[in-house]
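What follows is each chain in one-letter form.
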Amino acid sequence: MAPDNTPVRPRMLINGELVGASDGKTFPIYNPATRELSAEVPEASADDTNAAVAAAKAAFPAWSALGPAKRAGYFKKLAALIREHRDELARLDAISMGMPVSTYYYAHMAAAQYDYYSEAWPIVQGQASVNTPGFMTMTLRQPYGVVACIIPWNVPVYFMAAKSAPALITGNTVVLKSSEKAPLAVARIAELVVEVGFPPGVFNIISGHGVPSGQILSRHMDVRALSFTGSSRTGKLIQEEAARTNLKKVVLELGGKSPAIVFEDADLAKTAAKTQFSIQNNSGQVCMANSRIYVQKSIAEKFIEAFKKEFAANARAGNPLDTQTNHGPQADEVQYRNVMMYIEEGKKTGTLAMGGNGKLEDTNGFFVEPTVFVNQPEEARITKEEVFGPVVIINTFETEAEAIAKANDTEFGLYAAVFTRDVSRAMRVAKALESGYVGINCTSPMTGHDLPFGGYKGSGQGREGLLYSMNNFLETKSVIMQIDEE
Ligand code: NAD
């Protein structure tokens, strides 16, 4: 990609106007590959956040009355503009959170969400019955009102679209807060929303940290539903705020510590390649990355060698703007230090089999070597907690029961994978895994377009997905009508 030094001046979208923070406050975003300043970003104040919610509340009656077919017209235009600006959005995510432009398929994924929901709205239906003699009964599906969306930094434009599109098409109005680590591409889409001409207040987009703006949205009495993707720690705080205030509906997509189980009859080469991609992709900063691999003892040595070879050959680290790069830095200094802290601790508790170094001194960027640990105790911190970096633990098992027990011994439950040629075993294990998603002979990021996505246990609450997300933003009203006897 040609170097582009266009200055980036992100703004927020509140009540149809592109604005800075009302108190003029900004926060800096640095390119994690070079540590150069990329932009100063508006920090939404309490007043800004409240103004965005007030605008959304005021816009709700007209927007919900408009009818989905008319609402869909805005979506089509937005999808087309997002596709048109793909390269620009890729650059903005690269210089804020380090995602390589070569792997940037997220603008297309985001556009596809707006396109899909612009056609999918007829699925929203209530039911009617004559099961109560003398009465006609029915259910109506209706929007909540103001919906807040709080998104993480690791795949910003996709989460922006995957939450806002189903919320808006069902007649809700939205206040979306971007992540303080990756606000630039989202702020560019805010400009595209203005270009499309959405009615003022329908779609508000603010930037800032968890506190104050995220916290205010969580406790705001006029926000009736909140969809969150991010860490389990923040998810719990949001749930607490919601419970303490207006019991708003909360959907939580949280962290993971996803296991992949590799049996001795698995296709070794394919399994090594797929499990490697899962933890290398986006430099390991993916909620569903298989960060724990359990391999049957009889093939462990061979598998570990094959995995290391794949990891070394396929992670091409470098500047994310370089089209040859597919392995960017960690998103910022906090993420980098956190990953390095886990690696240093892992060196004490288990055996380092590959990598294990940070590259800050050599590169001036927050790069972490692809890292493999073997023989980590199951109770070690690095086995139990989400590292969110290119760091995998490969442990062994002897029996199917042992593999399942180890895979399930976690508070997370987002994605699990099983590799075997034995169909019955694959289904037995899939059934036993405590996980919202199971891949058989495939692993994350592989997902089916029409399947629900979400976590068991501490990985979340609720499900998202093309056929599921609209439900998250619709109340159900029961209506019973007496029919007069003739
Ligand atoms: P994070 O929890 O630190 O931040 C997520 C968002 O929450 C940001 O916008 C942040 O500003 C906001 N926030 C922070 N504190 C808040 C508070 N007190 N109240 C309200 N909002 C607050 O998470 P992150 O570091 O941005 O993202 C990485 C995490 O997200 C990982 O744990 C990852 O597994 C998870 N994730 C989950 C999924 C999924 O679908 N399950 C997908 C992607 C990422």
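Residues numbered from 1 in each chain as written. Predicted model: local features only at pLDDT ≥ 70, side-chain atom pairs only at ≥ 80, totals over all residues. Heavy atoms only, no water.

**Re the confidence of the model for the chain**
Formally: Note: pLDDT gives the predictor's confidence per residue, expressed from 0 to 100. A run of H or I in DSSP becomes a helix once it reaches four residues, and a run of E becomes a strand once it reaches two; helices and strands are each numbered from the N terminus.
Here the chain averages 97 in pLDDT, and 99% of its residues register 70 or above. The lowest-confidence element of the chain is helix H12 (residues 360–363), averaging 87 in pLDDT; the highest-confidence one is strand S8 (residues 173–177), averaging 99.

**Quick notes on the pattern of salt bridges**
Operational definition: By convention in these notes, a salt bridge is any Lys or Arg side-chain nitrogen within 4 Å of a carboxyl oxygen on Asp or Glu. Type-normalised accessible area, obtained with a 1.4 Å probe on protein chains alone, sets the label of each residue: buried when under 20%, exposed when over 50%, and partly exposed for intermediate values.
With the rule as written, the count across this model stands at 27 salt bridges. The partner of Arg 188 in a salt bridge is Glu 88, and the shortest N-O contact between them spans 2.5 Å. Highlighted residues: Arg 188 in helix H6 (residues 184–196) and Glu 88 in helix H3 (residues 86–97), separated in sequence by 100 residues. Residue Arg 188 is classed as buried on the basis of its relative accessible area, which comes to 16%. Measuring nitrogen to oxygen at the nearest pair gives 3.4 Å for the salt bridge that ties Glu 369 to Lys 359.

**Examining the UniProt feature "active site" (unreviewed entry) in the chain**
Rule in force here: UniProt positions are given in the numbering used here, feature names are shortened, and annotations may be inferred rather than shown by experiment. The contact definition used throughout considers only heavy atoms, calling two residues in contact when any of these lie within 4.5 Å.
The positions UniProt marks with the feature "active site" (unreviewed entry) are Glu 253. Looking at the secondary structure, you find Glu 253 in strand S11 (residues 249–253). Those residues in contact with Glu 253 that sit more than four places away from it in its chain are Phe 228, Thr 229, Gly 230, Leu 414, Phe 453, Gly 454, Gly 455, Ser 459, Gly 462, Arg 463 and Glu 464.

**Considerations on the nonpolar core**
What counts is decided by this rule: To form a nonpolar core, buried Ala, Val, Leu, Ile, Met, Phe, Trp, Tyr and Cys residues must be joined to one another through side-chain atoms within 4.5 Å.
In this structure, Leu 78, Tyr 114, Phe 198 and Phe 203 are the most contacted members of the largest nonpolar core, which totals 66 residues. In contact with Tyr 114, other than residues within four places in its own chain, are Phe 75, Leu 78, Ala 79, Ile 82, Met 160, Ala 161, Ser 164, Ala 165 and Phe 203. Membership of the second largest hydrophobic core comes to 29 residues, among which are Ile 299, Phe 303, Val 374 and Ala 417.

**Regarding the site of the ligand**
Short version of the rule: A single heavy atom is enough: if one lies within 4 Å of a molecule or strand, its residue is considered near that molecule or strand. The protein chains shown are the only cover counted for residues, whose accessible areas, like all others here, come from Shrake-Rupley with a 1.4 Å probe. The residue classification treats Ala, Val, Leu, Ile, Met, Phe, Trp, Tyr, Cys and Pro as nonpolar and Asp, Glu, Lys and Arg as charged. All others, Gly included, are polar.
Close to the ligand lie 31 residues, the nearest being Glu 180, Ser 231, Thr 234, Leu 254 and Glu 386. Considered on its own, the ligand offers 850 Å² of accessible surface; in the complex 92% of this is hidden by protein. Elements with a minimum of two residues in the shell around the ligand: helix H7 (210–219), strand S10 (223–229) and helix H8 (232–244). Counting residues per element, the shell around the ligand draws most heavily on H7, which supplies four residues. Across the shell around the ligand, the residue classes break down as 13 nonpolar, 14 polar and four charged.

**Points about unusual backbone geometry**
Among all residues except glycine, the phi angle is most often negative; among peptide bonds, the trans geometry is most common. Looking along the chain, the bond that leaves Val 211 and enters Pro 212 is cis, with omega of 15°. Considering the arrangement of structural elements, one finds Pro 212 in helix H7. Of the consecutive residues Ser 444 and Pro 445, the connecting peptide bond is found in the cis state with omega at 10°. Tracing the backbone shows Pro 445 in the loop between strand S18 (438–440) and strand S19 (460–461). For Asn 364, which is not glycine, the phi torsion reads 65° and is therefore positive. Relative to the helices and strands, Asn 364 is located in the loop between H12 and strand S15 (371–374).

**Some remarks on helix H10 (residues 300–314)**
Short version of the rule: How far a helix is expected to stretch is found by multiplying one less than its residue total by 1.5 Å.
Relative to the 21 Å expected for 15 residues at 1.5 Å per residue, H10 spans 21 Å between its end C-alpha atoms, a close match to the ideal helical length. Buried-residue contacts for H10 involve strand S12 (259–262), helix H9 (268–280), strand S13 (292–296), strand S14 (351–354), S15 and strand S16 (391–397).

**Considering the sheet that holds S16**
In plain terms, the rule: Any two strands between which DSSP finds at least two bridges are classified as paired. Whenever a helix is involved, its axis is fitted only over the stretch in contact; in every case the axis is a line through C-alpha atoms, and angles between N-to-C directions fall within 0 to 180 degrees.
What the seven strands build is an open sheet, ordered S14-S15-S16-S13-S12-S17-S18; its pairing is mixed. The open sheet is flanked by S14 and S18, the only strands paired with a single partner. In this sheet, neighbouring strand axes are inclined to one another by 20° on average, regardless of whether the strands run parallel or antiparallel. The pairing of S13 with S16 spans five bridges and is classified as parallel. Across the sheet, Gln 296 pairs through a bridge with Phe 397, a residue of S16. Packed onto the sheet, H10 meets S12, S13, S14, S15 and S16 and runs at close to 165° relative to S16.

**Regarding the packing of aromatic side chains**
For any pair of aromatic rings, the description consists of the separation of the ring centres together with the inter-plane angle of the planes. Going by this rule: To pair, rings of Phe, Tyr and Trp, with the six-membered ring standing in for Trp, must have centres within 6.5 Å; the planes then decide the type, stacked if under 30 degrees apart, edge-to-face if over 60, and tilted in the middle. By definition here, charges over rings are those cases where NZ of Lys or CZ of Arg is within 6 Å of the ring centre and within 35 degrees of the ring normal.
Under the defined criterion, the tally for this structure stands at 17 aromatic pairs. Aromatic side chains Tyr 437 and Phe 453 sit 5.7 Å apart centroid to centroid with 45° between the ring planes, which places their arrangement in the tilted category. Of this pair, Tyr 437 sits in the loop between helix H15 (423–432) and S18 while Phe 453 sits in the loop between S18 and S19, and the two are 16 residues apart along the sequence. Like Phe 453, Tyr 437 is buried. One cation-aromatic arrangement involves Arg 71 over Trp 63; the distance from NZ or CZ to the ring centre is 6.0 Å. Between Arg 425 and the ring centre of Phe 263, over which it is positioned, the NZ or CZ distance is 4.1 Å.

**Concerning the UniProt feature "domain: Aldehyde dehydrogenase" (unreviewed entry) in the chain**
Per the UniProt entry, the sites bearing "domain: Aldehyde dehydrogenase" (unreviewed entry) are residues 22–479 in this numbering. Span residues 22–479 is 42% helix and 19% strand, its end C-alpha atoms 45 Å apart.

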